[in-house]
Amino acid sequence: MSKPSLARGTRDFGPEIMAKRTYILDTIKFVFKKFGFLPLETPAIENLSVLMGKYGDEGDQLLFKILNSGDFLKKVKPGDLEEGTKTVLPKVAEKGLRYDLTVPFARFVAMNRHDLAMPFKRFQVQPVWRADRPQRGRYREFYQCDADVVGTDSLLCEAEIILMLHEVFGALQLKDFTVKMNNRKVLTGIAEAIGAPGRESELCVAIDKLDKIGKEKVEAELSERGFENSSIANLQTLFSLTDDIHETVATLKDWLKDSGIGQKGIEEIEEVLELVNGFGLENPKLMFDATLARGLSYYTGAIFEVKANGVQIGSISGGGRYDNLTGTFGLPDLSGVGISFGVDRIYDVLDELNLFPEDASQSTRVLLINFDSESQKACLPILSKLRSAGIASELYPTDAKLKKQFDYANKKGIPFVLVVGSEEIKMQKYSLKNMATGDQNHYTLDEIIQQINA
RNA sequence: GAGGUUGUAGCUCAGCUGGUUAGAGCACCUGAUUGUGGUUCAGGGGGUCGUGGGUUCGAACCCCAUCUUCCUCCCCA
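So, here is what we can say about the structure in this document. (Residues numbered from 1 in each chain as written. Chains lettered and ligands numbered in written order. Predicted model: local features only at pLDDT ≥ 70, side-chain atom pairs only at ≥ 80, totals over all residues. Heavy atoms only, no water.)

The next point concerns the sheet that holds strand 16 (residues 440–443). Reading across from one edge, 13-12-14-15-16 is the order of the five strands in this open sheet, with mixed pairing throughout. Each having just a single partner strand, strand 13 (393–395) and strand 16 make up the two edges of the open sheet. The sheet shows a mean angle of 25° between the axes of neighbouring strands, taken without regard to direction. In terms of strand pairing, strand 12 (residues 366–369) meets strand 13 through three bridges, oriented parallel. For valine 366, the partnering residue across the bridge sits in strand 13 and is serine 393. (Pairing = 2+ DSSP bridges. Helix = DSSP H or I, 4+ residues; strand = E, 2+ residues; numbered from the N terminus. Axes fitted to C-alpha atoms, helices over the stretch in contact; angles between N-to-C directions.)

Quick look at the structure:
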């Protein structure tokens, strides 16, 4: 007999945690559906040919590969081993676990292009796997919760994403959050404006750390990376931006007036703002942050990130627009925009702020006590009636000691206990005990249903 | 992938320079109360000290390896 253990970087979700996670996911899915997104699930296992080469060299390393079934060494020839992993891997593994939801989605779109109503809006909530080194908040198995629209470059999608973010976090009672927005084209424009065209990736890696390490260190890093002093001096405009969205737009318009692409980016942001305004969104928690640079390797337009204020935690949601999603699967020129919710982080935020509703973990409302076969028999029709009335109820399955049965109700947080003994059966009135107050009285079944539903 | 860190009862942790039978709180079980939980009281069970080697008369404690935990970097959700 060996001690059981979890595989590294994986977790169990017990009933209590599941109740809270389900609450979060149900809220998000409800909003997705309300905005016309359709559900999609794809297999945990994909062919490695679908997954490899999509996430860079590092990504290929982090893919979980599945050993071929049967004699997995069949195709390996003597001598292959000396050639190393690159030679042996394709001969022993043809499948792997999905690394994210975007690539399987792209595969699905490419395979079903003729059947899909374009633009195609889908949401997908499934676990993904990465052979990463686990840390707090980083696991080898975790859920992604994505919604994307492909097949249109309409900025209406961007506006609707902003709306969905507000609806989701509003519904979760999270009052203090900020939706940060930027545009890849603005970043490209900034690189041009400071005389370092084409180097926005490098620029952004440094700028992105601004709120973490401060202006001086960012400047030092840029200098190290070989940016001219004049370029760095030119960035002062960026460091002096305020939270006021209209002011920022005006400042950038002037700063980037010589960059066509930069202007385009600002125009896109203005149009999105106008659309959001058109929806009549009340009290928008929207900010234009020109230093926001996440996922630069594939985002081409809008970039989003949501921060929970007052909680020491990274972003709780992020997304953006990308071009050519399905290009590697033979379907070019398909633009898409998507948003992803960080379920684990949202869980931590709600937990820390105590925002989970009381009844999120409540299941059974009433427990029927079992004395003997006689009372058990009497309980059956009562159970059925309670359940027909929509009351989650259960009968303790054995005639264990009352203490044990009451303990069970206690531990499960069941608010009512119904005692059905010989006295009660005779009277056709049963003892209903409120576990919180300790009150206990005899009621008819109809009265009991009323009491429990009250 | 690089560096550091952690592991003792179901859980949280004590355990002296290496020295007899490894402790506590909580949880669990039994009884006080054979038709009533949460409180109280009395009693009880539970540990190959992460695992495998080594040093030693003797190892929870020292050494090596390995797994695990957490942290920093890289990268990311």
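The discussion continues.
Here the focus is the nonpolar core. Among the nonpolar cores identified, the biggest contains 73 residues, and Phe169, Leu235 and Phe341 are the most heavily contacted of them. It is helix 7 (residues 156–171) that provides the largest number of residues to this core, a total of nine residues. Beyond its immediate stretch of four places on either side in the chain, leucine 235 contacts Ile190, Ile194, Leu203, Ile207, Leu222 and Trp255. Judged by nonpolar contacts, the second largest core, of 32 residues, contains Val50, Val88, Val109 and Tyr322. (Core = buried A, V, L, I, M, F, W, Y, C linked by side-chain atoms within 4.5 Å. Buried < 20%, exposed > 50% of the residue type's maximum accessible area, 1.4 Å probe, protein only. Contact = heavy atoms within 4.5 Å.)

Let's shift gears to helix 1 (residues 15–34). For helix 1, which comprises 20 residues, the first-to-last C-alpha distance of 28 Å matches the rise-based estimate of 28 Å (1.5 Å per residue) to within 8%. Elements that come into contact with the buried residues of helix 1 comprise strand 5 (120–129), strand 6 (141–150), helix 7, strand 11 (336–341) and helix 16 (343–352). Phi turns positive, to about 85°, at glycine 36, one or two residues after helix 1. (Expected span 1.5 Å × (residues − 1).)

Moving on, we get to the pairing of strand 6. In terms of residue burial, strand 6 counts as a mostly covered element, since eight of its ten residues are buried. In terms of strand pairing, strand 5 meets strand 6 through ten bridges, oriented antiparallel. Across the sheet, glutamine 126 pairs through a bridge with glutamine 144, a residue of strand 6. Bridge count between strand 6 and strand 11: six bridges; the pairing is antiparallel. Pairing of aspartate 146 across the sheet is with serine 340, part of strand 11.

A few words on unusual backbone geometry. With an omega of -5°, the peptide bond between methionine 118 and proline 119 qualifies as cis. With a phi close to 60°, aspartate 333 is a non-glycine residue in the positive phi region. Tracing the backbone through its elements, the reader meets aspartate 333 in the loop between strand 10 (317–322) and strand 11. Phi is positive for asparagine 354, close to 60°, though the residue is something other than glycine. Relative to the assigned elements, asparagine 354 resides in the loop between helix 16 and strand 12.

A word on the sheet that holds strand 3 (residues 65–67). Within the open sheet, the three strands sit side by side as 2-4-3. Their pairing is antiparallel. Edge strands, defined here as strands with exactly one partner in the open sheet, are strand 2 (45–47) and strand 3. Each strand axis lies, on average, 45° off the axis of its neighbour in the sheet, ignoring direction. Here strand 3 runs beside strand 4 (residues 93–97); their pairing, made up of three bridges, is antiparallel. Along strand 4, the bridge assignment pairs isoleucine 66 with lysine 95. Against the sheet, helix 5 (residues 85–92) contacts strand 3 and strand 4, and its axis sits at roughly 85° relative to strand 4.

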